[in-house]
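# What the coordinates show
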Amino acid sequence: DTEVTQTPKHLVMGMTNKKSLKCEQHMGHRAMYWYKQKAKKPPELMFVYSYEKLSINESVPSRFSPECPNSSLLNLHLHALQPEDSALYLCASSQDFSNGGNGNTIYFGEGSWLTVV
Amino acid sequence: AQSVTQLGSHVSVSEGALVLLRCNYSSSVPPYLFWYVQYPNQGLQLLLKYTSAATLVKGINGFEAEFKKSETSFHLTKPSAHMSDAAEYFCAVLTNAGKSTFGDGTTLTVKP
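These lines cover the structure that appears in this document, whether it is placed above or below. Just so you know, these numbers come straight off a predicted model, no measurement behind them.

Quick notes on the rules
- Residues numbered from 1 in each chain as written.
- Chains lettered and ligands numbered in written order.
- Predicted model: local features only at pLDDT ≥ 70, side-chain atom pairs only at ≥ 80, totals over all residues.
- Heavy atoms only, no water.
- Disulfide = S-S within 2.5 Å.
- Helix = DSSP H or I, 4+ residues; strand = E, 2+ residues; numbered from the N terminus.
- Salt bridge = Lys/Arg side-chain N within 4 Å of Asp/Glu carboxyl O.
- Buried < 20%, exposed > 50% of the residue type's maximum accessible area, 1.4 Å probe, protein only.

## Notes on the state of the cysteines
Residue and element names in this part refer to chain A. In the structure shown here, the tally under the stated rule is 2 disulfides over all chains. Put simply, C23 and C91 are joined by a disulfide, and their sulfur atoms are 1.9 Å apart. Judged by the sign of its S-S torsion, about -75°, the bond between C23 and C91 is left-handed. Remark: C91 occurs in strand β9 (residues 87-94) and C23 occurs in strand β3 (residues 18-25); sequence separation between them is 68 residues.

The structure is reproduced here in structure tokens:
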């Protein structure tokens, strides 16, 4: 069983809605990630938080807004999304992100299936 | 730039047959390499990881992978396929920037 917990598992939202995806880990990891995965494609990195600070934003549109309230929690706030944003959103964590990651394993949650209508 | 290439987007084997999923990497420095499995409607689960401690890496569910520097390969194998092995498999490399870069994935089908 994964130790990265994501809620909700499924979300349907309209293009004018505001919603949030939530992620929690209790492994003491200091790096947390959001990935987007379309069907039959590999995960694509969106954001990386290291020690609760945003380290990487892979040029993600501003309608996606990440937040890291503490070292165990990671949120992804969604607003004014487009139908093409429908995808599986994966949260992940690793022990550390500094110094090239030191080969630390990235552990994934089960994902949140997002449908934008 | 560090990257991985998975050869064969679909692999089909019979139950009990050898599973071989291919991954080649591109890296100017010793890489950190991973294999993940994704079952339908689930997240990614780590199968195994190479960090230069040993060239033959054993993972979960009977899978193993061998790092071959001369061939820049990290192929995933399992001696005998089970129906439950049917899934999507991703090879990944951890770049110097700390990002994981994934291959395009290989869909494994197991026939009874």
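## As for the pattern of salt bridges
Applying the stated rule across the entire model yields 6 salt bridges over all chains. One salt bridge in this structure joins K36 of chain A and D85 of chain A, with 4.0 Å as the shortest N-O distance. Pair noted here: K36 of chain A is in strand β4 (residues 31-37) and D85 of chain A is in the loop between β8 (73-79) and β9, with a separation of 49 residues, a long-range link. A relative accessible area of 17% means that K36 of chain A is categorised as buried. Among the salt bridges present, the one from E64 of chain B reaches K58 of chain B, with a minimum N-O distance of 2.8 Å. Using a relative accessible area of 23% as the deciding quantity, one classes E64 of chain B as partly exposed. On the basis of relative accessible area, K58 of chain B is assigned to the exposed category, the value being 62%. Through salt bridges with shared partners, a single ionic network connects K36, R63 and D85 of chain A.

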